Structure formats: C-alpha cells, structure tokens
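Okay, here's what each chain looks like letter by letter:
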Amino acid sequence: MTASLRDTSQLIAGVVPGQGEQHVDRVPRRGTPYRIRQTDVPHAVGAVHVLRSRALADVARRAGASTAVVSYVMNNGPRPVAAATRERVLAAAAELNYRPNRVARALRSRTTGVVGLVLADAANPYFGALARHVEQALEERDKLTLTGNAGYSADRQRHLVERFLAAQVDGLMIVSADGGADVAAEAETAGVPAVYVHHRPEPGRAPFVGADDDAAVRAAVAHLRIHGHRHVALLTGPDDAGPVGRRHAAWQATAGAAAGPLLRCAYSRAAADELTRDLVARGAMPPALVTATDEQAVGVLAGACATGHPVPGRLAVISLDGTPDSAHTAPALTVTEQPLRAMARQAVDLLLDGGAPGPCPRPR
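Each chain has its residues counted from 1, running along the sequence as written. Totals for whole chains, interfaces and linings use all residues, but because this is a predicted model, local features are given only for residues with pLDDT of at least 70 and pairs of side-chain atoms are given and counted only at 80 or more. Side-chain metrics in this entry use all non-hydrogen atoms of the structure; hydrogen atoms and water are not considered.

(A) Summary view of the environment of N124. When you line up the elements, N124 lands in the loop between β4 (114-119) and α5 (125-140). The spatial distance from the C-alpha of N124 to the C-alpha of Y267 is 9.2 Å, given a sequence separation of 143 residues. Apart from the residues within four sequence positions on either side, N124 is in contact with Y152 and E295. Whenever a nitrogen or oxygen atom comes within 3.5 Å of another N or O atom, the pair is scored as a polar contact, on the condition that within protein one atom can donate a hydrogen and the other can accept it, and that pairs from neighbouring residues in sequence are kept only if both atoms are in side chains. Here Y152 takes part through its side chain, which lies 3.3 Å from a polar atom of the side chain of N124. The helix and strand labels rest on DSSP assignments: H or I over at least four residues marks a helix, E over at least two residues marks a strand, and numbering proceeds from the N terminus. Contacts are assigned to residue pairs that have any heavy atoms within 4.5 Å of one another.

Dropping the structure here:
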C-alpha cells in the first residue's frame, strides 16, 4: 500500500537494499530536499549475528574474561568455569541485559533445550499439580517446557506428539490418562526420547513412572476399617482403563468379600455430586467410600452437603489423589497423597539421563 505525504512533518524510517537503514529526519514540505543520514549497522542477513557477537564481546570486556569463557558460562559448558569467574560473567551479563540466542545455540548443539509435555487434561487439578512439578524439575536442568492439553482425547494426544516432534523437541513427557495408542513409539521412530508418567498404554515400551496404586488403596481401606467400617465401597470412573483400573483391582483384592458396592461416574465434581444426591434420596448411600480421584471426592462432599447427609457422621470419604486442592475442602477430606514431586523428578531423570525406572514412588 502506498502512503501519501501530507503537509505536516512526521518521523519516518526506511531501508534501502544494500545501503542499510536510512533515517529521514522529517517529511518536508513540497520542494524541500530530504535530509538523509545512514546508520553504520546494516540490516543484512548476518545482522543478528553481528549484534549478538558484539554483545558477547561486551560481556567479556566487562567481566575481564574471554568470549569463550562467557560462552561456557551462558551455555553451561562444555568446559567448567571457576565459580568466581562465573559470578563476574553473570553480573556483567545482567548489567548489559545480555541474553543468549537460543536459536543459535540450537543450531550449534543440534538441541533445542525444549521438552514437550502432553497432559491428559490440564483442567484437572491432579494433572495440573503434576505438570508444575515436571516443569520445575526440567527448569532445574535448564530445559524449557512446552505444554499441550489432550483433553482426554486420544486423537488430540497423537496430534500433540506429532506437533512436538515437528518442533524438534529434545524429549517428550506424556501424562496419559487412558485409551489411545502408544504414541511414544512415534518418538522412538524419530529418535526422540520419551517417558510416560501416571499411565502407559499397552503394549508400550517407553519408560514409565507412576505411583504405587496398590499401596494407596490398601492404606485407604485400612484407614476406614480402623475407624470401624467393615464394608468399604469404591467410586471409580465409567470404565477400568488406565490407573483407575489398577485401583479397582487393588480394592477388590483388599476389601475381599466384605467389599461394599462398586459405584461409577465420570471424573468430575458435577457427576459425583449428582450421583451422591441420587444415592442419598434412595437411601443407598454407603457409610464408607473410597473415591478414585479428588474431583469425584469433592463432588461427593458437595452432594452430601446439599442433601443434609452429614460427613463424617453418616459418610466417611477418603480419596486416592491428594492434590493441593483437596486440602481446602469443607468438611476436611482425608486422602492418600500421591508423590507427584518424586514422580516428576524420576521421570525427568529418566528422560534426560536414561537408565531403568526405579520402584514406583509410594503415596503418603
């Protein structure tokens, strides 16, 4: 689009090919020649490289070190730097507001410094809390986390993995809930390391880190029986896919013949609230209940409150997640706290360092 000149003065700037950036002091009135000055820094293809190199040299001069030493500090290697020298370099970089060029670093090292994190459902507090621990563990290893939300969709999960691989991430962490194919196999084909957290689909071969679901269920049932409840019911999801299936099997094995009823609903507060209201209305609410997730437990508390069914007077509830949100319910919710921090750190170590997975972290 061609701009028309008006009869008022205004600042403009332009670039003349091969001549660098040229600044026009003011748009003059008609008949007055332009006054042009040319800068000494060309806007050529290598301009960013020139600016970065000059900035790196400035940091080196300010710190009294070589540009190579500054590069070692900014890139955490490949050679060690004395602590005092490192401090001088970092202080000089801060004073000059210097930031390393991540793209240039990726071209040199053939790594991006980015790890893709696929979440089963970002809206679920359990996965949100786990993602925070993963991001913190990766940050401590100087890795940037790129997060994608699958929203419990197997197709979306596969799409995210494909997009992350196309972005040339250094690794993939897949927090898969249930269903879907072994998407880590695509990463293996591309030569990108991948680790499953929370759940690994069968017959997946990628390393896997998850909590000890059997121990969590045994602890929950034992706690309720200590408080006099012989028959302990279980509220689980619509099916037994994923870790919830393992929790169901553990409940059956632990409760045995004295098990209470098996209840099912979606993994949401609203669904558990509706189910609880219906059970109370029919006089079918069990006196002791283990819920597979915190979201369901919060819904049970809401339904019991709405119907005047006292907790823990006539209903004892214990949940198997133990997310931070579960510490702020009314009445207070008893939980088996999943070791999310330990899971995240073990998964990051596996992704970046390799090796065999350790034992499943135990809940508290």
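(B) Local environment of the pattern of salt bridges. Here a salt bridge means any side-chain nitrogen of Lys or Arg lying within 4 Å of a carboxyl oxygen belonging to Asp or Glu. Overall, the coordinates contain 15 salt bridges when judged by the stated rule. Put simply, R141 and D353 hold a salt bridge, and the shortest N to O gap is 2.7 Å. Note that R141 is positioned in the loop between α5 and β5 (144-149) and D353 in helix α12 (residues 340-353), a separation of 212 residues in sequence. Exposure is judged per residue with a 1.4 Å probe applied to protein chains only, and the accessible area is read against the type maximum: over 50% gives exposed, under 20% gives buried, and values in between give partly exposed. Residue classification places R141 among the partly exposed positions, given a relative accessible area of 32%. Here D321 ties to R247 by a salt bridge, and the two come within 3.2 Å at their closest N and O atoms. Taken as a pair, D321 in the loop between β12 (316-319) and β13 (334-335) and R247 in helix α9 (residues 243-255) lie far apart in primary sequence, 74 residues in all. On the basis of relative accessible area, D321 is assigned to the buried category, the value being 5%. Note on R247: relative accessible area 4%, which makes it buried. One network of salt bridges, with partners in common, ties together D213, R246, R247 and D321.

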